[in-house]
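Breakdown of the fold
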Amino acid sequence: MIAMKDELDAFVRETQEQIDQEGKAAYGEEVFRRWKNPRHFGPMEDATAIGRIKGKCGDSMEIHLKIQDEIIQKASFVTDGCASSVACGSVAVELAGGKSLDEAVLIGGDTILAQLEGLPREETHCAYLAAEALHAAIHNYIVGCFQES
Ligand code: FES
């Protein structure tokens, strides 16, 4: 019985390793790393601005910002999208943290794609979704509207 459990454990481990290798080959190390361990994921209780965008793919990206004196003190994201959207949200909020609003608004989909060293063509839109959600959060803050766009 124990031998059977060991065999099953080994099978599960090998299968997971194979899936991970295929993920790295398809998306690259950086996207894979962020997907498996996304930094700054989750809602922010003391956010002063939130931007939410639903993409044509049907997935949503939400960016939460804490802004003080026109500087983004901290940022987080929430998405129900694909692995690429997780990586893109993570990059978007990482780049936005510590930036002025004028600087952060210059973070675009291309900026995010460059940071991730590209994405499969059919998933490049995920980077633009993250950038749009960031811009929406900044917009909502500027117009004094603390709600989803
Ligand atoms: Fe919809 Fe990536 S966010 S496919």
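Since this is a predicted model, take the numbers as computed values, not measurements.

**Things to note about the sheet that holds strand S1 (residues 49-54)**
Taken together, the 3 strands give an open sheet; going across it, the order is S1-S2-S3, and neighbouring strands pair in antiparallel fashion. With one partner strand each, in any of the chains shown, S1 and strand S3 (71-79) form the two edges of the open sheet. The mean inter-strand angle of the sheet, taken between neighbouring strand axes irrespective of direction, is 15°. With 8 bridges connecting them, strand S2 (residues 60-68) and S3 associate as antiparallel partners. Looking across to S3, one finds that Ile 63 is bridged to Phe 77. Strand contacts of helix H3 (residues 83-96): S2 and S3, with the helix running at about 175° to S3, the strand carrying the most contacts. Packed on one face of the sheet, helix H6 (residues 125-142) meets S1 and S2 and runs near 140° to S1.

**Some thoughts on the pattern of salt bridges**
Going through the model one piece at a time under the given rule, you end up with 9 salt bridges. Between Asp 9 and Lys 5 there is a salt bridge whose closest N-O contact spans 3.0 Å. Of this pair, Asp 9 and Lys 5 both sit in helix H1 (residues 2-27), 4 residues apart, which is roughly one turn of the helix. The closest approach of N and O atoms between Glu 62 and Arg 52, which form a salt bridge, is 3.1 Å. Here Glu 62 is found in strand S2, whereas its partner Arg 52 is found in strand S1, with 10 residues between them in sequence. Using a relative accessible area of 16% as the deciding quantity, one classes Glu 62 as buried. Relative accessible area serves as the criterion here: at 31%, Arg 52 is assigned to the partly exposed category. Through salt bridges with shared partners, a single network forms among Glu 30, Arg 33, Arg 34, Arg 39 and Glu 94.

**Quick look at H6**
Taking 1.5 Å of rise per residue, the 18 residues of H6 would be expected to cover 26 Å, and the 26 Å separating its terminal C-alpha atoms lies within 8% of that figure. Among the residues of H6, Cys 126, Ala 127, Leu 129, Ala 130, Ala 131, Ala 133, Leu 134, Ala 136, Ala 137, Ile 138 and Asn 140 are the ones counted as buried. Those residues of H6 hidden inside the fold are in contact with S1, S2, H3, helix H4 (101-104) and helix H5 (109-115). Positive backbone phi, approximately 75°, marks Gly 144, located one or two places after H6.

Reading the values: the criteria
- Residues numbered from 1 in each chain as written.
- Predicted model: local features only at pLDDT ≥ 70, side-chain atom pairs only at ≥ 80, totals over all residues.
- Heavy atoms only, no water.
- Pairing = 2+ DSSP bridges.
- Helix = DSSP H or I, 4+ residues; strand = E, 2+ residues; numbered from the N terminus.
- Axes fitted to C-alpha atoms, helices over the stretch in contact; angles between N-to-C directions.
- Contact = heavy atoms within 4.5 Å.
- Salt bridge = Lys/Arg side-chain N within 4 Å of Asp/Glu carboxyl O.
- Buried < 20%, exposed > 50% of the residue type's maximum accessible area, 1.4 Å probe, protein only.
- Expected span 1.5 Å × (residues − 1).

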